[in-house]
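# Descriptive analysis of the structure
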Amino acid sequence: MDFTIEPQIVEKIQKLIADNQVFAITSHYNSDGDALGSSTAFAEILRQMGKTVKIVLPNDYPSFFRWMNGAREILTFDRNSKEIREYVKNIDVLICLDINELTRTEALEPIFSECTKPRIVVDHHINLQIDAEAPVSFHEASSTCELLYHVLVACGFENYIDKSVAESLYTGIMTDTGRLDYSSNYPEVYYVMGNLLRYNVNKSFIHEKINQVYSYDRFSLQATVMKENFVYLPEYHAGYMTITNQNKKDYNFQLGDSEGFVNMPLCMRDLKFVAMFTEYEKGPVKASFRSKGKFPANEFAGDYFNGGGHFNAAGGKYQGTLSEAIEVFRKGLEDYKEKLQ
Ligand SMILES: [Mn+2]
């Protein structure tokens with residue numbers, strides 16, 4: 001796997017950073033470990049250089065990432081829309097991380113579209129749609145955090161990597177690969193992780209903070225979803241689960257509580273494809289997809305749920321009811337039946 005960044009791009013990033021003072025960093029709606037890890041790592045590097053930098057996200061993020069350095073200062077559109085508008089007016093450079101389209105910043109999109117300042121992008125999704133002076137995009141990479149490590153080294157910023165930067169980057173790689181379960185079948189990703197561990201990354205602290213933080217409500221929600229809301233469709237080697245508004249009420253649902261649920265049925269030997277549909281009081285049904293091996297989850301998400309993502313991990317949404325979304329899913333399975341055999 002070769003993630004060598006073109007020398008012209010490296011020079012552009014160096015110059016954009018050297019010549020400018022005020023930066024905004026953004027990432028996708030419902031930011032995950034990779035989005036937050038890359039954002040907090042890049043922000044810390046810029047801060048150490050004496051730059052002014054703010055991380056600006058569309059919405060709040062799960063509380064189990066709040067330990068990350070600088071995470072508490074993140075501005076989110078749902079809480080700080082006024083401050084964000086004012087700040088973005090005065091930035092010199094916009095940095096987009098773990099995102100391939102500005103629409104994935106949801107409510108922030110109009111603000112960024114209006115902003116004519118140069119952009120740096122580091123991302124690992126297929127099909128980069130953001131116009132940028134300095135784009136770094138490799139869809140084979142495990143995570144944006146892995147790529148950001150290469151960007152920092154190529155730009156000569158390695159000296160700024162400290163324990164907190166390394167912990168942020170480590171988190172993104174760990175979470176985007178399902179703790180090195182998928183998207184990590186090549187040596188280079190371990191080389192990066194190995195290098196990060198040299199900065200005294202507290203690996204067990206990170207695992208505890210992220211993977212061992214369920215409340216009893218969240219644990220009970222998981223049990224209910226797996227037992228009562230999971231439907232196995234052996235004829236398609238597939239299955240789906242739902243999270244209803246009633247489930248959310250019953251278990252005092254907090255942002256991030258269903259994180260990882262969609263991966264769980266993958267432990268079944270005969271299952272190749274699984275979906276999770278989450279109902280919302282307002283707005284469309286959210287769909288998450290996971291697949292094993294050669295089944296293209298992103299293609300399926302694009303065909304039926306106006307979405308996309310990675311080959312084995314994708315998402316989308318559906319304007320309609322939960323049961324309509326399931327109907328569409330079942331129809332899709334029928335269309336894709338051959339690929340699922
Ligand atoms: Mn990612």
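Only a predicted model underlies this, so the values are computations on that prediction, with no experimental measurement involved.

What counts and how
- Residues numbered from 1 in each chain as written.
- Predicted model: local features only at pLDDT ≥ 70, side-chain atom pairs only at ≥ 80, totals over all residues.
- Pairing = 2+ DSSP bridges.
- Helix = DSSP H or I, 4+ residues; strand = E, 2+ residues; numbered from the N terminus.
- Contact = placed C-beta atoms within 7 Å.
- Axes fitted to C-alpha atoms, helices over the stretch in contact; angles between N-to-C directions.
- Buried ≥ 20, exposed ≤ 12 C-beta atoms within 10 Å, placed from the backbone.
- Domains from an automatic or database assignment.
- Nonpolar A, V, L, I, M, F, W, Y, C, P; charged D, E, K, R; others polar.
- Right-handed = clockwise from strand over helix to strand, strands pointing away.
- Parallel < 35°, antiparallel > 145°, perpendicular 65-115°, else oblique.
- Left-handed = near helix turned anticlockwise from the far one by under 90°.
- Core = buried A, V, L, I, M, F, W, Y, C linked by C-beta atoms within 7 Å.

Okay, the sheet that holds strand β6 (residues 134-137) next. Within a sheet, neighbouring strands are paired by backbone hydrogen bonds and run either parallel or antiparallel to one another. Strand order in the open sheet formed by six strands is β3-β2-β1-β4-β5-β6, and the pairing between neighbours is parallel. The open sheet is flanked by β3 (75-76) and β6, the only strands paired with a single partner. With four bridges connecting them, strand β1 (residues 22-26) and strand β4 (residues 93-97) associate as parallel partners. Each residue of the ladder has a partner; that of Thr-26, found in β4, is Cys-96. The strands touched by helix α2 (residues 33-48) are β1, β2 (52-57), β4 and β5 (119-123); relative to β2, the strand with the most contacts, the crossing angle is about 165 degrees. Set on the sheet, helix α5 (residues 144-154) makes contact with β4, β5 and β6; between it and β5 the angle comes to about 125 degrees.

You will see that Asn-200, though not glycine, has its phi angle at about 60 degrees, which is positive. Mapped onto the fold, Asn-200 is located in the loop between α7 (187-197) and α8 (203-211). A tally of 11 C-beta atoms within 10 Å means that Asn-200 is categorised as exposed. Backbone geometry at Asn-252 places phi at a positive 50 degrees, although glycine is not the residue there.

For the protein, the assigned domains read domain 1 (7-211) and domain 2 (216-340). Distance between the C-alpha centres of domain 1 and domain 2: 27 Å. On the side of domain 2, eight residues touch domain 1, which itself brings nine residues to the contact. Per-class residue counts for the side of domain 1 that touches domain 2 are four nonpolar, four polar and one charged.

What follows deals with the pairing of β5. With respect to burial, β5 is a largely interior element, five of its five residues being buried. Here β5 shows a buried face lined by Arg-119, Val-121 and Asp-123 and a second buried face lined by Ile-120 and Val-122. Two elements, β4 and β5, share four bridges in a ladder whose sense is parallel. Residue pairing for β5: Leu-97 is matched across the bridge by Val-122. Regarding topology, helix α4 (residues 109-114) serves as the crossover connection from β4 to the parallel β5, and that connection is right-handed. Sheet analysis places β5 next to β6, joined by four bridges and oriented parallel. Residue pairing for β6: Val-121 is matched across the bridge by Pro-135.

Our next topic: the packing of α5 against helix α6 (residues 163-176). Between α5 and α6, the least distance of the axes is 7 Å, while the angle of their chain directions is 140 degrees. In terms of their interaxial angle, α5 and α6 are classed as oblique. For the pair α5 and α6, contact is made by Thr-144, Cys-145, Glu-146, Leu-148 and Tyr-149 and by Leu-169, Gly-172 and Ile-173, respectively.

In this fold, Pro-284 is placed in the loop between β9 (273-278) and β10 (285-291). We classify Pro-284 as partly exposed; it has 16 C-beta atoms within 10 Å. With 211 residues separating them in the primary sequence, Pro-284 and Glu-73 have C-alpha atoms 30 Å apart.

With that out of the way, let us pick up the packing of α6 against α7. For any two helices packed against each other, the geometry is given by the interaxial angle and the distance between the axes. The contact between α6 and α7 brings their axes to 9 Å, and the two run at 150 degrees. In terms of orientation, α6 and α7 fall into the roughly antiparallel class. For α6 against α7, the interelement crossing comes out left-handed. Counting all contacts with α6, which are made through Ala-166, Leu-169, Tyr-170 and Ile-173, the residues of α7 involved are Val-189, Val-192, Met-193 and Leu-196. For the contact of α6 with α7, the residue count by class is eight nonpolar, no polar and no charged.

Quick look at the nonpolar core now. Ranked by size, the top nonpolar core spans 60 residues in total, and within it Ile-25, Phe-42, Ile-95, Leu-148, Leu-169 and Tyr-170 carry the most contacts. Here Tyr-170 is in contact with Met-193, Leu-196, Val-201 and Ile-206, once residues within four sequence places are set aside. Core analysis: the second largest hydrophobic core is formed by 28 residues, Met-241, Phe-289, Ala-297 and Ala-325 among them.

Among the eleven residues in α5, nine count as buried, and that is most of the element. Within the span of α5, buried status applies to Thr-144, Cys-145, Glu-146, Leu-147, Leu-148, Tyr-149, Val-151, Leu-152 and Ala-154. Where α5 ends, the next residue or the one after it, Gly-156, has phi of about 80 degrees, a positive value.

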